[in-house]
Amino acid sequence: MKPLANPQPLTPSQIRHVLELLDMRLLAPQETAATFDRLSQAGTFSEAQQEAIELLFALDEDEIGDALMDFADDEARDIVRDSVAHEARLSFVGA
């Protein structure tokens, strides 16, 4: 097995796709996999980015925000911040 290549940072459009996949993975894992496969086949993500995204799916919920920040480019980090803050509010209100 070859080592994981250092992926290019995810762009805002890529981050939106990843956030959507992360949102749907628990409720619809098969559809999530199919959508990820379609996006990958369409060239939305590089091979290294695909591997990094697959690693995200294995993380605990509280680790995903930091990992997304590591994978995102400067513009996409704003989207991640907004999403993570939104998720935190939902978790707090839901508890």
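Everything numeric here is computed off the predicted structure, so don't read it as measured data. (Residues numbered from 1 in each chain as written. Predicted model: local features only at pLDDT ≥ 70, side-chain atom pairs only at ≥ 80, totals over all residues. Heavy atoms only, no water.)

Okay, the nonpolar core next. Judged by nonpolar contacts, the single largest core of 18 residues is most densely connected at L10, I15, V18, F45, I53 and L68. Elements represented by at least two residues in this core include exactly α1 (12-24), α2 (29-41), α3 (47-58), α4 (61-71) and α5 (74-94). Element by element, the count of residues in this core is highest for α1, at five residues. Every residue in contact with V18, bar those within four places of it in the chain, is listed here: L10, F45, I53, L56 and L68. (Core = buried A, V, L, I, M, F, W, Y, C linked by side-chain atoms within 4.5 Å. Buried < 20%, exposed > 50% of the residue type's maximum accessible area, 1.4 Å probe, protein only. Helix = DSSP H or I, 4+ residues; strand = E, 2+ residues; numbered from the N terminus. Contact = heavy atoms within 4.5 Å.)

Within the secondary structure, T35 sits in helix α2. When residues no more than four places from it in sequence are discounted, the contact partners of T35 are L21 and M24.

Attention now goes to the pattern of salt bridges. Pairing between side chains of opposite charge can happen when the charged atoms of each approach one another. A full pass over the atoms with the stated rule returns four salt bridges. Across the salt bridge formed by E61 and R25, the nearest N and O atoms sit 2.2 Å from each other. In this pair, E61 is assigned in helix α4 and R25 in the loop between α1 and α2, connecting sequence segments 36 residues apart. Residue E61 is classed as exposed on the basis of its relative accessible area of 51%. Of the charged contacts, one joins D74 and R77 as a salt bridge, the two residues approaching to 2.6 Å between their closest N and O atoms. Placement of the pair is D74 and R77 together in helix α5, with a separation of three residues, close to one helical turn. Using a relative accessible area of 24% as the deciding quantity, one classes R77 as partly exposed. (Salt bridge = Lys/Arg side-chain N within 4 Å of Asp/Glu carboxyl O.)

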